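If you want the building blocks of each chain, they are given just below.
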Amino acid sequence: MLVIASANGAVGIEAAMQVLRDGGSALDAVEAGIRPVESNPADHTVGYSGLPNLLGVVEVDASIMDGRTLQAGAVGAVQNCEHAISLARKVMEELPHVLLVGSGAERFAKEMGFPETDLLTADAKAIWAEIFDTKVPSGCQERMAYVESIRRYAKLAADPERPNETVNFIARDARGNLATGVSTSGWSWKYPGRLGDSPVIGAGNYADNRYGAAACTGRGEMAMRLCTAHSVVTYLKLGMTLEAAGRAATAELGYLVDPYFGRVSLIAMDARGNHAGFSNGPDATYVYMTDDMRIYAEAPRIHVAAGGAGRRL
Ligand code: ASP
């Protein structure tokens, strides 16, 4: 049994492993691992205390995928929902759909009995306001001013401690089933209604018991354009090793022409439980825990320098 996660998943990885030890499924484990991250007020990239969008409103995205059945559920641009990962799972289990967004997802959350939680904390608001009030010209809610401003200030709007995150979890249970979960408050200061890779199956999340699983963090628009998580699984299907598959999917990012070219990081696992992390930027890590470990460990991600048309980080 094994759980891997992006580094900010450390607060939930032991809960996820406990679920597996108690006989729970890989799906149960990823949900249990992500919920504490969504509640962590110190993490400004996921759930409660996530950084808001351009208008100062927190909109969260999440997805979950079952590698045994290839069923998936996702929600995007949802307000006032602390546990978007659980809502994504409800979409998968209760509806004949994969992805719900905005007011439809909020209506479904109410029907499913999810409490309404104001996700914007004073802390996150202060980070947003500092940039918005002092550095951004007024009137930037309009498209042209937004585009101009975001070129210059988007990076500043992110949490200085953790400028690019989202939480990723992948679990492998006692029966060898894989599941993947992703939850995020998205790109801070994003245009309202923007979805990144996190709720898009194939872009930021993919799991297939037969071959493996992968999940992404970082500039979602890049992972969306290459279906990065699905690429890793496709390369595994074609017979590549996990390391070769992750390197190939990460290297491809370098061919994207993108004025906002940025970091994209992946965690990945193959069907046998080999695991690794990859990033097109330096110094990234991820965490992992097997059932014979008392505490989790942190490991470096393989740095794959982006070539091609993209900028090197
Ligand atoms: N991938 C997330 C998104 O694009 C953000 C991140 O991981 O930094 O919404």
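The shown structure was predicted, so the numbers you read here are calculated from the model rather than taken from an experiment. (Residues numbered from 1 in each chain as written. Predicted model: local features only at pLDDT ≥ 70, side-chain atom pairs only at ≥ 80, totals over all residues. Heavy atoms only, no water.)

A short note on the sheet that holds strand β5 (residues 167-172)
Spatially, the eight strands line up as an open sheet ordered β4-β3-β2-β6-β5-β1-β11-β12, and their pairing is mixed. Two strands in the sheet have a free side with no partner beyond their single neighbour: β4 (99-101) and β12 (297-300). Neighbour to neighbour, the strand axes of the sheet diverge by 15 degrees on average, direction disregarded. Two strands pair when backbone bridges link them, and β5 and strand β6 (residues 178-184) are joined in this way by six bridges, in the antiparallel orientation. Counterpart to A171 in the pairing with β6 is A179. In this fold helix α2 (residues 26-39) packs onto β2 (60-66), β5 and β6, with an angle of close to 155 degrees to the strand it touches most, β5. (Pairing = 2+ DSSP bridges. Helix = DSSP H or I, 4+ residues; strand = E, 2+ residues; numbered from the N terminus. Axes fitted to C-alpha atoms, helices over the stretch in contact; angles between N-to-C directions. Contact = heavy atoms within 4.5 Å.)

As for the sheet that holds strand β13 (residues 302-303)
In space, the five strands of this open sheet follow the order β7-β8-β9-β10-β13, with mixed pairing throughout. Either end of the sheet is taken by a strand with one partner, and the two such strands are β7 (205-208) and β13. Here strand β9 (residues 264-270) runs beside strand β10 (residues 275-279); their pairing, made up of five bridges, is antiparallel. Within β10, the position partnered with A268 by the bridge is A276.

Digging into the site of the ligand
Lining the immediate surroundings of the ligand are 12 residues, of which E165, T166, R194, D197 and G218 lie closest. The separation between an oxygen atom of the ligand and a polar side-chain atom of T166 is 2.6 Å. G218 places a main-chain nitrogen or oxygen 2.6 Å from a nitrogen atom of the ligand. Coverage of the ligand by the protein chains reaches 97% of its 270 Å² of free accessible surface. Taken together, the residues of the shell around the ligand sort by class into one nonpolar, eight polar and three charged. (Near = heavy atom within 4 Å. Polar contact = N/O pair within 3.5 Å; in protein donor to acceptor, adjacent residues only side chain to side chain. Areas by Shrake-Rupley, 256 points an atom, 1.4 Å probe, with all protein chains shown as cover. Nonpolar A, V, L, I, M, F, W, Y, C, P; charged D, E, K, R; others polar.)

Considering the pairing of β10
Of all five residues in β10, four are buried, a share of seventy percent or more. With antiparallel pairing between neighbouring strands as the criterion, β9 and β10 make up a hairpin whose turn holds four residues, including G273 at a positive phi of roughly 95 degrees. As judged from the two bridges shared by β10 and β13, these two strands associate in the parallel manner. Considered in β13, the bridge of S279 is made with H303. (Buried < 20%, exposed > 50% of the residue type's maximum accessible area, 1.4 Å probe, protein only.)

Description of the confidence of the model for the protein
Within the protein, residue pLDDT values average 90, and 87% of them lie at 70 or more. Note that pLDDT drops below 50 for residues 156-163; the model gives that stretch 16 contacts with residues more than four away or on any other chain. (pLDDT = per-residue confidence, 0-100.)

Points about the nonpolar core
Residues V3, I64, V75, V78, L87, F169 and A171 are the most contacted members of the largest nonpolar core, which totals 41 residues. If you look at the next biggest cluster of nonpolar residues, it comprises 30 residues, including I170, A249, I267 and Y286. (Core = buried A, V, L, I, M, F, W, Y, C linked by side-chain atoms within 4.5 Å.)

Quick notes on the packing of α2 against helix α3 (residues 84-94)
Close contact between α2 and α3 brings their axes to 8 Å; oriented N to C, the two are set at 145 degrees. Of α3, the residues touching α2 (which contributes L27, D28, E31, I34, R35 and E38) are A84, I85, S86, R89 and M92. Partitioned by chemical class, the residues of the contact of α2 with α3 number five nonpolar, one polar and five charged.

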